[in-house]
Amino acid sequence: MKLWLTTIVAAATFAASSSTLANQLELNNDLAYKLVESLTVEVGPRLAGSEADARAVAWAEQKFKQLGFDKVWTEPFTMQYWERGNASLRVEAPFNQALVLTALGGSVGTPFDGITSQVVMFDNLQQLQQADPATVKDKIVFINQTLRKDIRGSFYGQVVGARAQGAVEAAKLGASAIIIRSVGTSNNRFAHTGIMRYSEDVPRIAAAAISVPDAQQLSKMLAINPETSLSLHMQNNLPGEVTSHNVIAEITGSKRPDEIVLISAHIDSWDEGTGALDDGAGVGLVMATAALLKQQRPERTIRVVLFGNEEGGLIGARAYAARHAADLKNHVFASESDFGAGRIWRFDTGFGEQALTFGADIQQQLKHLGIETGTNTASGGPDVSVLKALGVPVASLQQDGTDYFDYHHTPNDTLDKIDPTALQQNLQAWLIMTRSIANSNIDLRE
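Remember, it's a predicted structure, so these values are computed and weren't measured experimentally.

Engineer: Can you break down the overall build of the chain residue by residue, with the values?
Structural biologist: The number of helices and strands found in the chain is 14 helices and 16 strands. The C-alpha radius of gyration of the chain comes to 23 Å, within 12% of the 22 Å expected for a compact globule of 446 residues. For the chain, the spread of C-alpha atoms along the three principal axes comes to 75 × 45 × 40 Å. Sorting the 446 residues of the chain into buried and exposed places 59% on the buried side. Long-range contacts, defined as pairs at least 24 residues apart, comprise 82% of the intrachain contacts of the chain with a sequence gap of at least 6. Looking at the chain as shown, the accessible area adds up to about 17400 Å², and 49% of this sits on carbon and sulfur atoms.

Here it is in structure tokens:
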């Protein structure tokens, strides 16, 4: 039997009271780490819709079954598949040299001979939107906006619009292509990918990100010579519609099996790194949480959902919500782990007014882990936000994201970036929160 299963065997054979068993499950348990290690080593990068994505789905099904879940199944959904091709970017004049770039997810390629043009720089998306079209026409737009570090990652939303909307806004003004400063906080020479969008009524232009040091380099070149020109080549593929899957498993509730406590992560990743932080850590945490709590026979059903194609725009989450629309009233709670593997420092809820006392009780159980009381404005996580919008109560175990964007969506998102001790603290928190809700009869909506 696999090494990563030994903790389950030990828990299953350990005859103890519920409280003693709880302590055994929470302390020094490495199941979550073993799962993310297995996923990142045996599957690796998991671009939604790819062959590796299909292998990840098969991996998850197999692991759920080996971990002893009562039910395991998949739910298909369709999506547009995008495939990365070769890409290069050079400064042609007057400072001939290569820059490090990555195509943004969903971007079209350039013509076969590439695009060579002068570059025009903007500090942010808003500045581009206000630009005179004559200053942009037929040029390569460069948005050079800095992302600052923060424990909550709160500045990401202020910067990521350049990645998501920049190509449309640049094309409206007649630009030939767009490059952006990576939406990341590392000074290592890694470019940061991520999804971008087109509009049906605007021409599609190639979109790429350059690493932070290269953005700094290019801005210095433009300060010396505003007529600096670039040569961009990208060969991406848009094969069309494919099928991917959400992977779902359950531990059936012993007293209230129709009441669903949903814990989740997303199984897809970008193709540059191995998706250890985004979101292999989350996958390992929620799978381990439910598997370990199985030994305690939770009163409510614990459902683990590994959503597909979160990176492409919450596609799997929207498919799940649509498929389960009729029974969302039975979803008594939902939460997601999707912010790396840093220590959890705050507990936020999204409960009804009368359930806030219960939320405070959970926080007191978490206090010994260094977890603070948060607000009642939790989103639950990216995928789970779809369920929150439909009335499902949520909570968020907020992870320390100070360094998360050093690695997020880059080739540097690999297993060695996970601190096993911090991941273990995450697992203890997830066990406490999930067990408390699964064994309660509190209506969190009220």
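Engineer: Got a sec to walk through the sheet that holds strand 3 (residues 97-99)? Specific residues and values, please.
Structural biologist: Spatial strand order, 3-2-9-5-6-7-8-4: eight strands in an open sheet with mixed pairing. Single-partner strands in this sheet number two, and they are strand 3 and strand 4 (101-103). For this sheet, the mean inter-axis angle between neighbouring strands, taken without regard to orientation, is 35 degrees. Of the strand pairs in this sheet, strand 5 (residues 115-122) and strand 9 (residues 229-234) are connected by four bridges, and their pairing is antiparallel. Bridging from a neighbouring strand, Thr116 pairs with Ser231 of strand 9. Sitting on the sheet, helix 8 (residues 161-172) is in contact with strand 6 (140-143), strand 7 (177-181) and strand 8 (206-210), with an inclination near 150 degrees to strand 7.

Engineer: An account of the pattern of salt bridges is requested, with residue identities and associated values reported.
Structural biologist: A full pass over the atoms with the stated rule returns 18 salt bridges. The partner of Asp214 in a salt bridge is Arg189, with the nearest N and O atoms 2.7 Å apart. Here the residue Asp214 occupies a position in helix 9 (residues 212-224), and Arg189 occupies one in the loop between strand 7 and strand 8, the gap between them amounting to 25 residues. If you follow the salt bridges from partner to partner, you end up with Lys255, Arg256, Glu259, Glu299 and Arg300 in one network.

Engineer: Outline the layout of surface pockets, supporting the account with residue identities and numerical values.
Structural biologist: Taken as a whole, the largest pocket spans an internal volume of roughly 810 Å³. Lining the largest pocket are 34 residues, with Tyr156, Asp338, Phe339, Gly381 and Pro382 sitting closest to its centre. Looking at the lining of the largest pocket, the elements that each hand over two or more residues are helix 7 (156-159), strand 14 (344-350), strand 16 (394-399) and helix 14 (420-438). The greatest single-element share of the lining of the largest pocket, amounting to four residues, is contributed by strand 16. Partitioned by chemical class, the residues of the lining of the largest pocket number nine nonpolar, 15 polar and ten charged. If you go around the second largest pocket, you meet 22 residues; those closest to its centre are Gln80, Trp82, Gly106, Ile195 and Arg197.

Engineer: Break down helix 10 (residues 276-293) for me, with residues and values.
Structural biologist: Taking 1.5 Å of rise per residue, 18 residues should cover 26 Å, and helix 10 covers 24 Å from first to last C-alpha, within 8% of that figure. Within helix 10, 18 of the 18 residues are buried, leaving the element largely enclosed by the surrounding structure.

Engineer: Which residues make up the nonpolar core, and what values go with them?
Structural biologist: Val141, Leu306 and Ile418 are the most contacted members of the largest nonpolar core, which totals 96 residues. The dominant element in this core, judged by the number of residues it contributes, is helix 10, at twelve residues. When near neighbours in sequence (up to four residues on either side) are disregarded, Ile418 contacts Tyr33, Val36, Ala276, Leu277, Ala281, Ala341 and Leu423. Ranked by size, the runner-up nonpolar core spans 26 residues in total, among them Leu47, Ile115, Ile210 and Met234.

Engineer: Break down the confidence of the model for the chain for me, citing the residues and quoting the values.
Structural biologist: Here the chain averages 94 in pLDDT, and 94% of its residues register 70 or above. Note on residues 1-22: pLDDT under 50 across the span, and 32 contacts to partners over four residues away in sequence or across chains.

Engineer: Any details on the pairing of strand 11 (residues 256-266)? Residues and values, ideally.
Structural biologist: Counted residue by residue, strand 11 has eight buried out of eleven residues, so it is predominantly covered. With eight bridges joining them, strand 11 and strand 12 (residues 300-307) adopt parallel strand pairing. Counterpart to His266 in the pairing with strand 12 is Phe307. Here strand 11 runs beside strand 13 (residues 331-336); their pairing, made up of five bridges, is parallel. Within strand 13, the residue paired with Ile263 across the bridge is Ser335.

Engineer: Pulling in residues and values, what's your account of unusual backbone geometry?
Structural biologist: Residues Ala93 and Pro94 are joined by a peptide bond in cis, for which omega reads 0 degrees. Note on placement: Pro94 falls in the loop between strand 2 (87-93) and strand 3. Of note, the bond from Asp278 into Asp279 is cis; its omega dihedral lies within 30 degrees of zero at 5 degrees. Assignment of secondary structure puts Asp279 in helix 10. The backbone of Arg297 sits at a positive phi, close to 50 degrees, despite the residue not being glycine. On the basis of relative accessible area, Arg297 is assigned to the exposed category, the value being 58%.

Engineer: Describe the packing of helix 3 (residues 31-42) against helix 4 (residues 51-66), listing the residues and the values that go with them.
Structural biologist: Two elements in contact, helix 3 and helix 4, have axes separated by 11 Å at closest approach and are oriented at 150 degrees. Viewed along their axes, helix 3 and helix 4 adopt a mutual orientation that is roughly antiparallel. Between helix 3 and helix 4 the crossing geometry is right-handed. Contact residues: helix 3 offers Leu35, Ser38, Leu39 and Glu42, while helix 4 offers Arg55, Trp59 and Lys63. For the contact of helix 3 with helix 4, a count of residues per class yields three nonpolar, one polar and three charged.

Engineer: Mind laying out the environment of Lys294, listing which residues take part and the relevant values?
Structural biologist: The topology assignment puts Lys294 in the loop between helix 10 and strand 12. Linking Lys294 and Leu39, residues 255 residues apart in sequence, is a C-alpha distance of 22 Å. Filtering out sequence-adjacent residues up to four positions away, Lys294 remains in contact with Gly68, Asp70 and Ile251.

What counts and what doesn't
- Residues numbered from 1 in each chain as written.
- Predicted model: local features only at pLDDT ≥ 70, side-chain atom pairs only at ≥ 80, totals over all residues.
- Heavy atoms only, no water.
- Helix = DSSP H or I, 4+ residues; strand = E, 2+ residues; numbered from the N terminus.
- Rg over C-alpha atoms; globule rule 2.2 N^0.38 Å.
- Buried < 20%, exposed > 50% of the residue type's maximum accessible area, 1.4 Å probe, protein only.
- Contact = heavy atoms within 4.5 Å.
- Areas by Shrake-Rupley, 256 points an atom, 1.4 Å probe, with all protein chains shown as cover.
- Pairing = 2+ DSSP bridges.
- Axes fitted to C-alpha atoms, helices over the stretch in contact; angles between N-to-C directions.
- Salt bridge = Lys/Arg side-chain N within 4 Å of Asp/Glu carboxyl O.
- 1 Å grid on protein atoms, 1.4 Å probe; cavity = no way out; pocket = protein on both sides within 12 Å on 5 of 7 lines; lining within 4 Å.
- Points joined across faces, edges and corners; volume = space filled by probe spheres on them.
- Nonpolar A, V, L, I, M, F, W, Y, C, P; charged D, E, K, R; others polar.
- Expected span 1.5 Å × (residues − 1).
- Core = buried A, V, L, I, M, F, W, Y, C linked by side-chain atoms within 4.5 Å.
- pLDDT = per-residue confidence, 0-100.
- Parallel < 35°, antiparallel > 145°, perpendicular 65-115°, else oblique.
- Left-handed = near helix turned anticlockwise from the far one by under 90°.

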